[in-house]
Amino acid sequence: MFAELLLFKPSEYQKDVINETELLNCAQWCKGRKFSAVFYTVFYLTSHSFYCSDCHSRTDRYMCLILPHSPGAATDLVHDKDLALILKHFVKEKKPICAIAMGVVGLFPAMEDSSSWSFRRYTLTSVSVFELARDPDFASLPVIPEDIIKDRGALYSSSEPDEVHVVVDRHLITGQNEQSTLTAVQNLILLCNQKQGRKDKF
């Protein structure tokens, strides 16, 4: 067993909305986990990072995809065409995907056609309107995840503000807020191990 961490970013990203310390801590945490490989999406430029457009040929190598919480996702990833291609590969292959809080916005580009979202038949969670409303930048947010999820035909689930809430629907794991990160990633590891176990039997 080995862990490989690939960091990638959208072609245009806004470094001013990045919490560098949080992302590096999260990346360090993931490196210590014992699962085969991680396809980890962050919005921070490092010497080992790649643009989304560079990753199309790499997707077969990775077992899962993580979209961590980041306020910048609402601007950087909501229409990212390269991420859309990566997500559609993961959906087609039924590979585990984990999206947490505002990271769920990263799922929005995955459209099968102009009006059909790849996750329209799933149940998801993300930051609730009640939680977002406390943010001083709430009025200027380009998207409200809860509204988009409902508008695109998926089922939205939420709990009380700041409480741990994770939804697992097939190979998709979503966490409502940052407090749900640990539980969401633990479920991702379980799914990865389960998938790997089935492969080992054949």
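This text goes with the structure placed above it.
Anyway, here's the lowdown on the structure attached to this text. (Residues numbered from 1 in each chain as written. Predicted model: local features only at pLDDT ≥ 70, side-chain atom pairs only at ≥ 80, totals over all residues. Heavy atoms only, no water.)

## Brief notes about the pattern of salt bridges
Then comes step 1: Going through the model one piece at a time under the given rule, you end up with 4 salt bridges.
Then comes step 2: When the shortest N-O distance is used, the salt bridge between arginine 120 and glutamate 112 registers 3.2 Å.
Then comes step 3: Owing to a relative accessible area of 21%, arginine 120 belongs among the partly exposed residues under this scheme.
Then comes step 4: Overall, the relative accessible area of 47% leaves glutamate 112 in the partly exposed class.
Then comes step 5: Where arginine 134 meets aspartate 162, a salt bridge forms, and the shortest distance between an N and an O atom there is 2.8 Å. Taken together, the residues arginine 134 in the loop between α4 (129-132) and α5 (145-151) and aspartate 162 in the loop between β7 (155-156) and β8 (166-169) connect sequence positions 28 residues apart. (Salt bridge = Lys/Arg side-chain N within 4 Å of Asp/Glu carboxyl O. Buried < 20%, exposed > 50% of the residue type's maximum accessible area, 1.4 Å probe, protein only. Helix = DSSP H or I, 4+ residues; strand = E, 2+ residues; numbered from the N terminus.)

## Observations concerning the pairing of strand β5 (residues 97-100)
On a regular strand, each side chain points to the face opposite its neighbour's, so the side chains alternate between the two faces of the sheet.
Then comes step 1: Side-chain alternation along β5 places Ile97 and Ala99 on one buried face and Cys98 and Ile100 on a second face that is also buried.
Then comes step 2: Alignment of strand β4 (residues 65-67) against β5, held across 3 bridges, turns out to be parallel. For leucine 65, the partnering residue across the bridge sits in β5 and is isoleucine 97.
Then comes step 3: As paired elements, β5 and strand β9 (residues 172-175) share 4 bridges and run parallel to each other. When the sheet's bridge partners are listed, isoleucine 100 is paired in β9 with glycine 175. (Pairing = 2+ DSSP bridges.)

## Let's talk about the state of the cysteines
Then comes step 1: As enumerated under the stated definition, the model contains 0 disulfides in all.
Then comes step 2: Between cysteine 98, a cysteine without a disulfide, and cysteine 64, which holds the nearest cysteine sulfur, the sulfur-to-sulfur distance is 8.3 Å.
Then comes step 3: Looking at cysteine 98, the relative accessible area reads 0%, which means it is buried. (Disulfide = S-S within 2.5 Å.)

## Observations regarding the packing of aromatic side chains
Then comes step 1: Counting across every chain of the model gives 3 aromatic pairs.
Then comes step 2: With a centroid separation of 5.6 Å and 65 degrees between ring planes, the pair formed by tryptophan 117 and phenylalanine 119 is classed as edge-to-face. Take tryptophan 117 and phenylalanine 119: they sit in the same class, and that class is buried.
Then comes step 3: A residue is classified by how much of its surface remains accessible, and phenylalanine 119, at 0% relative accessible area, is buried.
Then comes step 4: Among the aromatic residues, those joined into a ring-pair cluster are Phe108, Trp117, Phe119 and Tyr122.
Then comes step 5: The residue whose ring lies beneath arginine 170 is tyrosine 122, and the NZ or CZ to ring-centre distance is 3.9 Å. (Phe/Tyr/Trp six-rings, centres within 6.5 Å; stacked < 30°, edge-to-face > 60°. Lys NZ or Arg CZ within 6 Å of the ring centre and 35° of its normal.)

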